[in-house]
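Understanding the architecture of this molecule
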Amino acid sequence: MDLQAIRIIVKTKEECYLATSEIHSMFQKIRADKDYIRKPKKNGYQSIHITVNDKENNKLEFQIRTYEMNRFAEIGPAAH
């Protein structure tokens with residue numbers, strides 16, 4: 001499945017959930033959110049993933065995390 005992805009990086013966990021709420025108000029959600037902040041992966045990875053349809057019915061994924069979570073995902077133990 002081809003997706004376009006947008007990563008949103010904010011300062012706090014609270015802002016992650018505010019961004020999540022804004023996305024829900026703007027797009028049609030097509031999948032349950034994956035909340036890896038509330039329940040991190042075993043390797044410590046944290047982020048919220050939301051998959052939606054855009055206006056042209058293309059699938060779009062948002063990844064929402066803090067700067068600290070992003071650093072951990074990019075260069076920490078959770079890096080690919």
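One can find the structure itself at the top, above this paragraph.
Residues numbered from 1 in each chain as written. Predicted model: local features only at pLDDT ≥ 70, side-chain atom pairs only at ≥ 80, totals over all residues. Heavy atoms only, no water.

Things to note about the environment of Lys42
Locating Lys42 in the fold gives a position in the loop between strand 3 (34-35) and strand 4 (48-53). Take Lys42: its relative accessible area is 92%, and that puts it in the exposed class. Between the alpha carbons of Lys42 and Glu22 there is a distance of 28 Å; along the sequence they are 20 residues apart. (Helix = DSSP H or I, 4+ residues; strand = E, 2+ residues; numbered from the N terminus. Buried < 20%, exposed > 50% of the residue type's maximum accessible area, 1.4 Å probe, protein only.)

A word on a positive patch on the surface
Side chains of Arg31, Lys34, Lys41 and Lys59 sit close together on the surface and give a patch of like positive charge. Topologically, Arg31 is positioned in the loop between strand 2 (28-29) and strand 3. For Arg31, a relative accessible area of 33% translates into the label partly exposed. (Patch = residues over 30% accessible without salt bridge, like charges linked within 9 Å, V, L, I, M, F, W, Y side chains within 5 Å. Areas by Shrake-Rupley, 256 points an atom, 1.4 Å probe, with all protein chains shown as cover. Salt bridge = Lys/Arg side-chain N within 4 Å of Asp/Glu carboxyl O. Lys, Arg positive; Asp, Glu negative; His and termini not counted. Charge placed at Lys NZ, Arg CZ, Asp CG, Glu CD.)

Treat this as a map of the structure, not an account of what it does.
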